[in-house]
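Chain residues, written in single-letter form:
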Amino acid sequence: MKFRTVTAQEITAAVKQLFMDCNYYIGGDIMDALTKARDQEASPVGRNVLDQIIENDKIAAAEQIPLCQDTGMAVLFIEYGDKVSVDGDFEEAVEEGVRQAYRDGYLRKSVVDDPVFDRVNTKDNTPAILHTKIVKGDKIRITAGGKGFGSENMSAIKMLTPSYGEEGVKQFILDTVFAAGPNPCPPIVVGVGIGGTFERAAQLAKKATFRPIDTHHPDARYAAMEDELLESINRMGFGPAGLGGNTTALGVNIETSPTHIAGMPVAVNICCHAARHASTEI
Amino acid sequence: MTKKITLPITDEAIRDLKAGDSVLLTGTILTGRDAAHKRLFELIEQGKELPVDIKGELIYYVGPAPAKEGYAVGPAGPTSSYRMDKYAPALLDLGLKGMIGKGARNQAVIDAMVRNGCVYFAAIGGAAALIAKSIKKEEILCYEDLGTEAVRRYTVEDFPCIVAIDCEGNNVYETEPVKYRTI
């Protein structure tokens, strides 16, 4: 079997670039949605907030500074080809990329070492959250994002059971977004993971927030649910910054997975309008 | 209409502010968020003196990103205020005149605001690069070991925010979304 060799330095350089890029440059899908929302927003305050967000994102890109001070916890989805060999410690190469991006890119260090007792800042934003999957091929594909916690804290998971059906799923998603209200920096992106096990649903929800919002679930029934949920959320009235209006969400992305005969887990991962993610292939 | 406020804010200026007003702040403000609030609160509980005088001040809930060369401060947007709800009433009772953050507050905070004649401003969450343009200078006052969570003094010019909750307890997070709610 022939392997392609990738150096640890290449991994580190790629990860560093991804985290700097995603924190400086908002995605085209988000900017398009913000611009469209600005034209359709009924509230004058809401329009003003959207103008400020759009201006903010342009300043960040032009000056190469973070668009939000919460440059997040580093989350990476890695598809690791089974015909690639890394000459060194792969995970350490990724962590080093995170370290360098947050240090050299003037990104905020937001990670503490122990969740309950010490809570001492690690000062380099590591460790990162890595989701690695072995796939076929000789490439490594990395999608990286900085996940802010204003919106992360508003996320929820529930172990629904089959009899809840489609209505139960939609209700839980809407209840979660309603409870979040003005807190997660609306307009938000709603990532939903349905199926799998407890942890798979949560992981899918995060993955859903990293999917461009101008895409749909491949199954037409879930795609319709995405559209319907987006419309319902935008009727809640929270609006930009939660100050009232008809732009509470920019997108709803659903990811699904096979699950157990007894279960129907649903995870809702909320992301702010600064939905930062970038991808590359090595 | 936008109201221009020169800091320190007076009781008269606070009484004149109504929920929903757009405001530009000029002067100095303090910063502090989760970890600093926890420390300040513990000192208050122990009856000890605070390392920073909060009387008459506004506190901005922010943990800025580092400043790039040539910048006075790094991007510095508001963080979610509700996490400071546990600590805010004690600070308001000690003379803090207001808070700048984002999102809803609990009833205990609103009661403390009304009791003490205070104001809560909302800055636009996620507009950190834009907001930083109105911050001209920063100085670390205490808790430097907390990094981004250290307590700072910011000198601001025309810092943009909105009166989210006024000194009578009127609250835009309660009054505005319902006007657009159709579900």
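Residues numbered from 1 in each chain as written. Chains lettered and ligands numbered in written order. Predicted model: local features only at pLDDT ≥ 70, side-chain atom pairs only at ≥ 80, totals over all residues.

Contacts between chain A and chain B engage 41 residues on the former and 37 residues on the latter. In terms of residues, the side of chain A that touches chain B owes the most to one element, helix α3 (residues 44-63) of chain A, which gives seven residues. (Contact = placed C-beta atoms within 7 Å. Helix = DSSP H or I, 4+ residues; strand = E, 2+ residues; numbered from the N terminus.)

Right, let's talk about α3 of chain A for a bit. Taking 1.5 Å per residue as the helical rise, α3 of chain A with its 20 residues ought to reach 28 Å, and the 28 Å between its terminal C-alpha atoms agrees with that figure. Listed in full, the buried residues belonging to α3 of chain A are G46, N48, V49, L50, I53, N56, D57 and A60 of chain A. For α3 of chain A, the secondary structure elements touched by its buried residues are α1 (8-24) and α2 (28-40) of chain A together with α5 (128-132) of chain B. In the segment just after α3 of chain A, Q64 of chain A is the residue with positive phi, at about 50°. (Expected span 1.5 Å × (residues − 1). Buried ≥ 20, exposed ≤ 12 C-beta atoms within 10 Å, placed from the backbone.)

Residue and element names in this part refer to chain A. Read from one edge to the other, the open sheet built from four strands follows the order β4-β2-β5-β10, with strand pairing classed as mixed. Each edge of the sheet is formed by a strand with only one pairing partner; in this case those strands are β4 (129-135) and β10 (277-281). Strand-to-strand twist in this sheet, taken as the mean axis angle between neighbours without regard to direction, amounts to 10°. Sheet analysis places strand β5 (residues 140-147) next to β10, joined by five bridges and oriented antiparallel. Pairing of R141 across the sheet is with E281, part of β10. (Pairing = 2+ DSSP bridges. Axes fitted to C-alpha atoms, helices over the stretch in contact; angles between N-to-C directions.)

Moving on, we come to the sheet that holds strand β8 (residues 249-259) of chain A. In a beta sheet, neighbouring strands are held together by backbone hydrogen bonds and run either parallel or antiparallel to one another. Residues and elements named next belong to chain A. In space, the four strands of this open sheet follow the order β6-β9-β7-β8, with mixed pairing throughout. Two strands lie at the open edges of the sheet, namely β6 (156-160) and β8, each paired on one side alone. On average, each strand axis in the sheet is inclined to that of its neighbour by 15°, with strand direction left out of account. In this sheet, β8 lies alongside strand β7 (residues 188-196) in parallel orientation, the contact comprising nine bridges. Along β8, the bridge assignment pairs I188 with A249. Against the sheet, helix α7 (residues 198-209) engages β6, β7, β8 and β9 (264-271), with an angle of about 150° to β7. In this fold helix α8 (residues 220-233) packs onto β7 and β8, with an angle of close to 140° to the strand it touches most, β8.

Attention now moves to the domain arrangement of chain A. Residues and elements named next belong to chain A. Per the domain assignment, the segments making up chain A are domain 1 (4-23 + 67-147) and domain 2 (150-276). The centre of domain 1, based on its C-alpha atoms, is set 25 Å off from the matching centre of domain 2. Of all the elements in the fold, those that place two or more residues in the side of domain 1 that touches domain 2 are α1, β2 (73-81) and β5. Grouping the amino acids of the side of domain 1 that touches domain 2 by side-chain chemistry returns five nonpolar, six polar and two charged. (Domains from an automatic or database assignment. Nonpolar A, V, L, I, M, F, W, Y, C, P; charged D, E, K, R; others polar.)

Let's shift gears to the nonpolar core. Judged by nonpolar contacts, the single largest core of 135 residues is most densely connected at F19, V190, V192 and V266 of chain A together with F121 and A164 of chain B. Top element by residues in this core is strand β7 (residues 151-165) of chain B. It accounts for nine residues. Two domains each put at least three residues into this core: domain 1 (4-23 + 67-147) and domain 2 (150-276) of chain A. When neighbours within four sequence positions are excluded, V190 of chain A is seen to be in contact with V177, I233, A249, V252, V268 and I270 of chain A. (Core = buried A, V, L, I, M, F, W, Y, C linked by C-beta atoms within 7 Å.)

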